[in-house]
Amino acid sequence: MRFRILGPTQVLLADGREIPVGGPRLRALLALLLLDAGRVVPAERLIDNLYGEHPPRGAANALQSQVSRLRQALPAEHTPVEFHPTGYRLAVDPADVDAYRFERLAEAGRHALAGGDWARAAAELRTALELWRGPALADVIDVAGAPAQAARLDELRLAAVDDRIEADLALGASAALVPELRELVVAHPLRERSRGQLMRALSALGRPAEALAEFEAARRTLAEELGVGPSPELAAIHLAVLRGADRPAERAAAEAALPSHLTTFVGREEELKRVGKLLGERRLVTLTGPGGAGKTRLAIEAASRSDGEVRFVELAGLADGSDVPQAVLSALGLRDAGLRAPAEPGRQPTDRLVEALAERRLLLVLDNCEHVIADAARLAARLLGACPTLRVLATSREPLGLAGEALCPMSGLALPPPDASALDADDYAAVSLFAQRAADVAPDFTLTPANAELVLRICRTLDGLPLAIELAAARLRALSVAEVAAHLDDRFRLLSMSSRAASPRHRTLRAVVEWSWDLLDDAERTLARRLTVFAGGATLEAAGRVSEMPSAEFVDALTGLVDKSFVELTGGRYRMLETVRAFCAGRLAEAGEAERLRRAHTAYFLELAWTASDHLRRAEQLHWLRRLDAERDNLHAALRRATAAGDGPDAAGLVSALSFYWWLRGMRGEGARLAADVLDVLGAEAPPGLGEEFALCVYNASLAGSGHLPSLGTQDSVIRSLDRPPRQPFLLYLSGISTGPPPGGPEDVEELMRELRRLVGPDTWINALGAMGHGSAQMWGGQSDRAGAAFFAALDGFRSTGDRWGSLITLGALGELAAWRGDPEAAGEHMNQAMGLAEELGSAVDQADMLRTRGEIRLRAGDLAAARDDFAGALLLAQGSGAPEFVSAARLGLAQVARLHGDLAEARRLCEAALAGGLTGWYVGEATRAEIILLLQQITEEEKAGAANGPGAPPSADGA
C-alpha cells in the first residue's frame, strides 16, 4: 500500500485503487500514525491529539475502538496497525508514505545542489515536489498537533522549491523562472531567498533596474513588517546587481567561505581568466610569485567565481608544518573527535580529512604555503590522490612540486611602456590601483596631466607590485605625490646596493616596507615590532597588555599604525600584513626584546586560558568557547614558544588550562601533539609542584596514541595524589575514561567519591561529575534506583552551573538507564534533550554520538526500524565529519539490527568493517571492541545453528 498525507489523507493499493478510510476522526488517527510510520506512538499522545485537552471519560477505550475500526478499514492481508504495551504502531515502510519520500528526495536534491550537480538536483527536487497534492494534512488540520506538523512540512516544501529554483538558475533557466518567483514573492514577501533569486534571474536577463526595484521593495517590506534591514546575503546580491555581475548560489556560498575585502579588485584580468581555465582542466593549480604580488587576492577572486563549494585555509599563521592538516580541519568545520571519545591511536588528522572529503566536491584554497611547503605538498598529494572530486588552489612563493601541478606565475601589475603617453596611464592596472588607493586616503586626489608622470615613476620604481603600490599610495595622507616619488627613488637606490643576490622584486618590496617604517614615530615603531609576537592578530586589550606601553601612548601609536596601513582592524582584531609582520619581527630581535615579549605574551594567554577554563563550566560556556576559538593561534603559539624555550611550568600550565577546551572542540589530536612536546621538557616524572599539570599532559598525549608514556596508575591513585582540589577539574573525567571504574565495583566507587568530596568540598561541578561517575558504576552494577538518583543529582549540578557538556553526557546516561528500566518514552525525552545540547555546542560528531546512543536504546526496546534509522543517521554524520570511532560504533549498531532481522551475512560484514576502522586503546574504546567481538561470536553460533537445522526464525532481541 501507498499512503498520502501531502494533501487529503489517502490509502492506495499497488494498482492505484483508493481504499476508503472512513470519517474525519479515523482519517486523523491514520494521519497521526503515518507521521511516525514504523514507530510506536504512545497512546497518551494519540488521545491528546484526537480529543484535545479535555478528553472524554473512557478515552483509552475510545481510542482502542478507533484503532479497531482502522484495522477493519484496511485490507485484511496487510493489517499494518500493531498494538504495543505503550501505544500503537503503523508497521509500514516509511518509504511508502509520501511525506517521508518527499523529505528523502528533497534531502538528496539538497546534497546534489551542494555538490554542484545541478541537473540531478533539479530532477530530484521536481520528483519530490510532484508528490504534493495540496496542503499537508489537509483534512486533519484541526487535530491537535497537526498544525505544527503541517507547518513543518510546508516549510520543507518551500525550501525544496527554493533549492529547485537554485538548480534551475545554475542551469540557465532564468526566463522561465521569473513568473514563478514573482508569485512566490507575493505569497511570501518576507522570504529573502525567493526575493534574491528573483533579483538574480532578472539581472541574468539583462533587467537590472527591475532587480534593483525588487531589492527596494524587500527593504521597505522588512522595515515596515519587522523593523529590520535586508540580510547580508540579500545585500550581497544587491551589490552584485549594482556591479552588473550575476552571482549564482554556488558563488554566493563560495564568497561566504572566503575572506572579504573592503577594496575593489584591480587588474589581473588575464591571470583571472587563466586561473579559471586551469581550474576547469586541472585539479591542482598554484599561484607563484614574490611576496606582495597579490597572490592571495587573485586566489580569493578566482575562487569566488568558481562553481561549487569553496573553503579557504590561511596558513600564514602556522609556526609548524605539522599543523597544516589541523588548519584544514578547522577551515572545514571538522573536529578531531566527539565529546565523549578520544581520537584513535596512530590516526592522523590527514586520515580524517580523507574520510570527510572522499566524496565531496570542493575547491580547497591553501594560502601562503611557502613557509610550510613540504607539509602542504604532502597533504595536497594525499588528498588529491584519495578524493577524486577535490580541487586545490594554492598560493606560494614556489611551486608545490607535485606531478600534474599547473602553475600560474605572477609578477607586477601591467605598466605603461616607456614611450606611452601619460594621458593614457590610467588604462594600465598598476596606475589604476595607485589612483584608486590614493583616492581612498586623500579624497581630493585625481590622476591629472600634472601628476601623471610622477605616478608613472612611482609605479615603475615599485615594479607594479600591488602591496608596494598600496603602501606608497597610503603615504598621500601626509605627503604630496612629488614627495612620495622623491622618497621612493632615494630609498630604493640605497637599498638596491645592500644585497645583489636578492631578487629585484624582493629588494623593492623590502624597500617599501622599510621606507614606511622610517615614517613611523618612535612609539609607533615600538608598538609595531612588539605586535609581531601575536599570531592571528590581537584584541585591543591583549595588544595593550602585552606591548607594555603606557595607555595613552599605546592608543595613539595603534591609531597611527592603522592610519599608516601597518595594521588592519578586522572584526575587532588588529592584524599585520605578513610581509610587514616579518619585517617588524626582525626589528624586535634587533631591539633585544624578543624573549621579554614572548614571556609577556605567554603570561597574558596563560591567564586568559585559566579564566576561560573556569567559565567553560558555566552558563557563559558558548561565549567563552567562541573567545578561545578567536585566540586559538595565540594560545598555541604561546604554548609552542614556552615549550621551545624549555619553560616547563608555563607550557604545562597552558596544557592544563586548555584541556577542557580541546575536548569540547574535538581538538584532541592537536592537543595530544602539543602535550607530548611538553612531556619531553618535563621528563618522565612530575616536577615538584606540577603533579596535576604533568598528569594532564600524559592524558592528553595518550589521546593520539603517542609512544611510551609515564604511568599514572588508577583513577583512585590520581585523586589520592592530590593535596588540594584540582585547578583543572576535567582531570577527573580524563582519568576516569582512561582507566575505567575501580575494579571493586560500586562500593569502591562510593569510597572514591567520599574521598573526592573531602578533597573538593562544595564545588558543584566536581561533585556533579562525581555523581555522574557514581551513577554509572551503580547502573553497571544493576542498582538502577541508586543509579537514577545519582544521575539526577549530577544533572541538577551541571544545570545549576550552566554546563551543557556535563548535562549532555548525563542525559545520555539517563536515557540508557530509562531504556533498561523499560521506559522508552522517558528514554526518548532524555535523548532528545541531549541531542539539543549537542546541537547547541555545534558538533555534528556529538550529534552522531547521541543518535548512536538513542539507536541502542531503541534497539533494546525492540523498535528495530527506529534503531536502524538512528544508526544510519549516526553513520552518515560520522562519515561526513571524518570520525572513524563513531563510524565503527554506528556500524556495530547496524550489525545488531541486521542480526535481529536474520541477515547474518550483513551483520558479519558490518562487524568486520567496524573492527577494521580501528578503535582507541582507552577503556571506553576497549569496551566497544569487546561488544563487536561478542556479537561476532553470536553470529558465528547462529550461522552454525542455521547450517545444522536449516532456515528458522530470526534470533531473539535478548541478545541485543
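Residues numbered from 1 in each chain as written. Predicted model: local features only at pLDDT ≥ 70, side-chain atom pairs only at ≥ 80, totals over all residues. Heavy atoms only, no water.

(A) Representation of the overall build of the protein. Within the protein, the regular secondary structure consists of 43 helices and 12 strands. By residue count, 53% of the 960 residues in the protein fall in the buried class. Approximately 40,200 Å² of the protein is accessible, and the part contributed by carbon and sulfur atoms is 53%. (Helix = DSSP H or I, 4+ residues; strand = E, 2+ residues; numbered from the N terminus. Buried < 20%, exposed > 50% of the residue type's maximum accessible area, 1.4 Å probe, protein only. Areas by Shrake-Rupley, 256 points an atom, 1.4 Å probe, with all protein chains shown as cover.)

(B) Quick look at the packing of aromatic side chains. Enumeration over the complete set of coordinates arrives at 16 aromatic pairs. Considering the side-chain rings of Phe534 and Phe605, the 6.2 Å spacing of their centres and the 80° angle between planes classify their relative orientation as edge-to-face. Taken together, the residues Phe534 in the loop between helix H22 (522–531) and helix H23 (540–547) and Phe605 in helix H26 (residues 594–615) connect sequence positions 71 residues apart. Across this residue pair, the class does not change: Phe534 and Phe605 are buried. An angle of 85° between the planes, with centres 4.8 Å apart, marks the rings of Tyr733 and Trp805 as edge-to-face. Taken together, the positions of Tyr733 in helix H33 (residues 730–739) and Trp805 in helix H37 (residues 804–820) put the pair 72 residues apart, joining distant regions of the chain. (Phe/Tyr/Trp six-rings, centres within 6.5 Å; stacked < 30°, edge-to-face > 60°.)

(C) Fine view of the pairing of strand E9 (residues 390–396). For E9, the buried fraction is high: seven of the seven residues fall into the buried class. Judged by which residues are buried, E9 turns out to be covered on both faces: Leu390, Val392, Ala394 and Ser396 on one side and Arg391, Leu393 and Thr395 on the other are all buried. Bridge count between strand E6 (residues 284–288) and E9: five bridges; the pairing is parallel. Its bridge partner lying in E9, Thr288 is registered against Ser396. Of the strand pairs in this sheet, strand E8 (residues 362–367) and E9 are connected by five bridges, and their pairing is parallel. Looking at the pairing, Leu362 lines up with Leu390 of E9. Viewed along the sheet, the connection from E8 through helix H16 (residues 373–386) into E9 turns out right-handed. (Pairing = 2+ DSSP bridges. Right-handed = clockwise from strand over helix to strand, strands pointing away.)

(D) Looking closely at the nonpolar core. In terms of nonpolar packing, the biggest core is built from 149 residues, with Leu531, Phe566 and Trp805 touching the most fellow members. If one sorts the elements of this core by residue count, helix H29 (residues 648–664) sits on top with 11 residues. For Leu531, the residues in contact, after removing those within four places along its chain, are Ala543, Leu558, Leu561, Val567 and Met576. Membership of the second largest hydrophobic core comes to 70 residues, among which are Ala28, Leu129, Ala150 and Val178. (Core = buried A, V, L, I, M, F, W, Y, C linked by side-chain atoms within 4.5 Å. Contact = heavy atoms within 4.5 Å.)

(E) Structural view of a negative patch on the surface. Residues Glu44, Asp48, Glu53, Asp823, Glu825 and Glu829 make up a contiguous surface patch of negative charge. Mapped by element, the contributors of at least two residues to the negative patch are helix H2 (43–51) and helix H38 (824–840). Turning to its location among the elements, Glu825 is positioned in helix H38. With a relative accessible area of 53%, Glu825 lands in the exposed category. (Patch = residues over 30% accessible without salt bridge, like charges linked within 9 Å, V, L, I, M, F, W, Y side chains within 5 Å. Salt bridge = Lys/Arg side-chain N within 4 Å of Asp/Glu carboxyl O. Lys, Arg positive; Asp, Glu negative; His and termini not counted. Charge placed at Lys NZ, Arg CZ, Asp CG, Glu CD.)

(F) Spatial organisation of the sheet that holds strand E10 (residues 406–409). The strand order across the open sheet formed by five strands is E7-E8-E9-E6-E10, and the pairing between neighbours is parallel. Each edge of the open sheet is held by one strand with a lone partner, namely strand E7 (309–314) and E10. Taking each pair of neighbouring strands and ignoring which way they run, the sheet shows an average axis angle of 15°. (Axes fitted to C-alpha atoms, helices over the stretch in contact; angles between N-to-C directions.)

(G) Expanded view of the sheet that holds strand E4 (residues 81–84). Read from one edge to the other, the open sheet built from three strands follows the order E3-E5-E4, with strand pairing classed as antiparallel. Two strands lie at the open edges of the sheet, namely strand E3 (40–42) and E4, each paired on one side alone. Each neighbouring strand pair of the sheet contributes to a mean axis angle of 30°, computed without reference to strand direction. Where E4 lies against strand E5 (residues 87–90), four bridges are found, and the strand directions are antiparallel. Bridging across to E5, Phe83 finds its partner in Tyr88. Against the sheet, helix H1 (residues 24–35) engages E3, E4 and E5, with an angle of about 80° to E5.

(H) The arrangement of the pattern of salt bridges in detail. For the coordinates displayed, the defined rule picks out 60 salt bridges. Residue Arg193 pairs with Glu166 through a salt bridge whose shortest N-O separation is 3.6 Å. Taken together, the positions of Arg193 in helix H8 (residues 192–204) and Glu166 in helix H6 (residues 146–170) put the pair 27 residues apart, joining distant regions of the chain. Across the salt bridge formed by Glu840 and Arg804, the nearest N and O atoms sit 2.9 Å from each other. Of the two residues, Glu840 sits in helix H38 while Arg804 sits in helix H37, which places them 36 residues apart along the sequence.

(I) Spotlight on H16. Compared with the 20 Å implied by 1.5 Å per residue over 14 residues, the 20 Å span of H16 between its first and last C-alpha is a close match. Burial in H16 covers these residues: Ile373, Ala376, Ala377, Leu379, Ala380, Leu383 and Leu384. Looking down the long axis of H16, one finds its buried residues gathered within 165° of arc, a one-sided arrangement. For H16, exposure combined with an orientation more than 90 degrees from the buried face picks out Arg378 and Gly385. On its buried face, H16 is in contact with E6, helix H14 (324–331), helix H15 (349–357), E8 and E9. (Expected span 1.5 Å × (residues − 1). Arc of directions from axis to C-beta.)

(J) The arrangement of the confidence of the model for the protein in detail. With 89% of its residues at a pLDDT of 70 or more, the protein shows a mean pLDDT of 83. Ranking the elements of the protein by mean pLDDT puts helix H11 (residues 249–256) last, at 45, and H26 first, at 96. The model gives residues 245–255 a pLDDT under 50, and that stretch makes 28 contacts with residues more than four places away or in other chains. Predicted confidence for residues 491–508 stays below pLDDT 50, and this span has 24 contacts to residues more than four positions away or in other chains. (pLDDT = per-residue confidence, 0-100.)

(K) Geometry of a nonpolar patch on the surface. A cluster of nonpolar residues, Leu190, Leu226 and Val228, forms a patch on the protein surface that exposes about 250 Å² of accessible area. Take Leu190: it is sitting in the loop between helix H7 (174–187) and H8. Here Leu190 falls in the partly exposed class, since its relative accessible area comes to 38%.

(L) Local environment of the environment of Gly761. Looking at where Gly761 falls in the secondary structure, it is placed in the loop between helix H34 (746–760) and helix H35 (764–780). Judged by relative accessible area, which is 33%, Gly761 ranks as partly exposed.

(M) A look at unusual backbone geometry. Of note in the backbone geometry, Leu137 takes a positive phi value of approximately 55° without being a glycine. As for its position among the elements, Leu137 is in the loop between helix H5 (118–129) and H6. Residue classification places Leu137 among the buried positions, given a relative accessible area of 0%. Phi at Asn368 takes a positive value of approximately 65°, unusual for a residue other than glycine. Mapped onto the secondary structure, Asn368 falls in the loop between E8 and H16. Judged by its relative accessible area of 15%, Asn368 falls in the buried class.

(N) Representation of the packing of H35 against H37. Their axes nearest at 11 Å, the elements H35 and H37 cross at an angle of 20°. Here H35 lies roughly parallel to H37, going by the angle between them. In this structure, H35 meets H37 at a crossing whose hand is left-handed. Along the contact surface, H35 presents Trp765, Met772, Met779 and Trp780, while H37 presents Trp805, Ile809, Thr810, Ala813, Leu817 and Trp820. Taken together, the residues that form the contact of H35 with H37 break down as nine nonpolar, one polar and no charged. (Parallel < 35°, antiparallel > 145°, perpendicular 65-115°, else oblique. Left-handed = near helix turned anticlockwise from the far one by under 90°. Nonpolar A, V, L, I, M, F, W, Y, C, P; charged D, E, K, R; others polar.)

(O) A look at the environment of Leu258. As for its placement among the helices and strands, Leu258 is situated in the loop between H11 and helix H12 (269–281). Residue classification places Leu258 among the buried positions, given a relative accessible area of 8%. Apart from the residues lying within four places of it in its own chain, the contact partners of Leu258 are Ile300, Ala303, Ser304, Val310 and Phe312.

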